Amino acid sequence: MPTRARRDTALRALPKEAPRSVTILGSTGSVGCNTIDLIRRQPEAFLLEALTGFDNVELLAKQAIELRPKVAVVANPDRYGALKAALSGSGIEVAAGPEAVVEAAERPADRVMASIVGAAGLRPTLAAVRRGAIVGLANKETLVCAGHLMMNEVRRHEATLLPVDSEHSAIFQVFEFERRDAVDRIILTASGGPFRKATAETMGRATPAEAVKHPNWSMGAKISIDSATMMNKGLEVIEAHHLFGLPEDRIEVLVHPESVVHSLVAYVDGSVLAQLGSPDMRTPIAYALAWPKRMAAPAERLDLVRIAALHFEAPDEIRFPALRLARAALKAGQGAPCILNAANEVAVQAFLDGRIGFLDIARVVEVCLDRVNGTAAGSLEEIHGLDRSSRSEAARQVQSRA
Ligand code: NAD
Ligand code: MG
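Here the structure is a predicted model, which means the values were calculated and not measured.

Sheet architecture is open: seven strands sit in the order β4-β3-β2-β1-β5-β6-β7, paired in parallel fashion. Sheet topology places β4 (93–96) and β7 (160–163) at the edges, where each strand pairs with a single neighbour. For this sheet, the mean angle separating the axes of adjacent strands, direction not counted, is 20°. Across six bridges, strand β1 (residues 20–25) lies against strand β2 (residues 46–53) in parallel orientation. Note that in β2 the partner of Thr23 across the bridge is Ala50.

Next comes the structure, spelled out in structure tokens:
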């Protein structure tokens, strides 16, 4: 039994030791801002090495002025002048463009938070991995489109991936890496999203505003739409396959509308271990920032008496075909997950822009999986090529439905 003293230690701020340096790739996004919120609460525990954003220069400059990273990078090169002007006289180095984001990832930070959205995060995340960094991985699309390459590089460079996705953080916390044979299967929970009980007709008419309204989590637009289609859970099955080395048929999905049990690991002796908490990304982010220790996070304390009941149901792959497509892509292997991911990114953007309907997202992905040849997907160049081919086919499909 843990003693009272040990419990208190676990809840306290990080002990006084040298501050940990952190680079946040995608600091202006939802995960990025949550990471900053945690760092801001314990300024003595962290130093900022680099912050990167895509084009929200105002927010990036505000974060930089407050937290004083060595460098601030805007990925959109057209915004260089604006960032330079906003940080003039601050002493903070300024850079712009995709290459500068990769260079930011290569800088010697103790921890890199990979929180760019989409395949755009692949090169910077890979750059951090290749210098053997400890990477807090939120950017699941990098593992979906280049899982084998990424995991090989993790092993080769002795990098560490700490999952930030709440489900994978949960599994990581209860997974016996030393006794993999004892793991029977893992169970990812899914909230079911805003359309858990909706009919296909309702979903067919859904607007972007309705689809981004997640019942439990506040997140960026892309992942919110992915949650509504349940493609997010499909991407997470692929992510889990790479992180935990289990085949597709030993990764289960359960719909759990309360989002309290963040995921579970079932062992061969019948034991099932789970991690629970309020749905607040600051808990898994804090875990990745403080690992192997723990740090305080301001997430609401879990009150099971108030919650009273937890519910679980099987996912419906008929109403949510994206989940079936992601499983099929994982089973097909080679470049199929990369094709799935790229097509989904294009289709989600088209839906957000009002160019296709909600149900068209999975249709576009399905056609791309059928039509794009994914046999060559070993090298980074092949993955980029496949990503481009799938995006072109998806754009054609969007055009034909617009
Ligand atoms: P977001 O859209 O809020 O933020 C994305 C960040 O990436 C922003 O800083 C943006 O400027 C940057 N970015 C976008 N395109 C870029 C490009 N081409 N080059 C460089 N930077 C670019 O997204 P988010 O919700 O914070 O999600 C980030 C990642 O974390 C995604 O992979 C998502 O699936 C994953 N994730 C998010 C949550 C969440 O709570 N938001 C939970 C679990 C996993
Ligand atoms: Mg998740």
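On to the packing of aromatic side chains, then. Counted according to the given criterion, the structure contains seven aromatic pairs. With 6.1 Å between their ring centres and 75° between their planes, Phe172 and Tyr287 make a pair best called edge-to-face. Of this pair, Phe172 sits in helix α8 (residues 166–174) while Tyr287 is found in helix α13 (residues 282–290), placing the two residues 115 residues apart along the sequence. When the centroid spacing of 5.0 Å and the interplanar angle of 80° are considered together, the rings of Phe195 and Phe358 count as edge-to-face. Placement of the pair is Phe195 in the loop between β8 (183–190) and α9 (200–204) and Phe358 in the loop between α16 (336–352) and α17 (360–371), with a sequence separation of 163 residues. Given the relative accessible area of 7%, Phe195 is considered buried. For Phe358, a relative accessible area of 3% puts it in the buried group.

Taken N-terminus to C-terminus, the directions of helix α11 (residues 221–229) and helix α12 (residues 231–244) make an angle of 95°; their axes are 5 Å apart at the nearest point. As far as their axial angle goes, α12 and α11 are roughly perpendicular. Residues Lys222, Ile223, Asp226, Ser227 and Thr229 of α11 form the contact with α12, whose own contacting residues are Met231, Asn232 and Leu235. Class assignment for the residues of the contact of α11 with α12 results in three nonpolar, three polar and two charged.

Conventions used here
Residues numbered from 1 in each chain as written. Chains lettered and ligands numbered in written order. Predicted model: local features only at pLDDT ≥ 70, side-chain atom pairs only at ≥ 80, totals over all residues. Heavy atoms only, no water. Pairing = 2+ DSSP bridges. Helix = DSSP H or I, 4+ residues; strand = E, 2+ residues; numbered from the N terminus. Axes fitted to C-alpha atoms, helices over the stretch in contact; angles between N-to-C directions. Phe/Tyr/Trp six-rings, centres within 6.5 Å; stacked < 30°, edge-to-face > 60°. Buried < 20%, exposed > 50% of the residue type's maximum accessible area, 1.4 Å probe, protein only. Parallel < 35°, antiparallel > 145°, perpendicular 65-115°, else oblique. Contact = heavy atoms within 4.5 Å. Nonpolar A, V, L, I, M, F, W, Y, C, P; charged D, E, K, R; others polar.

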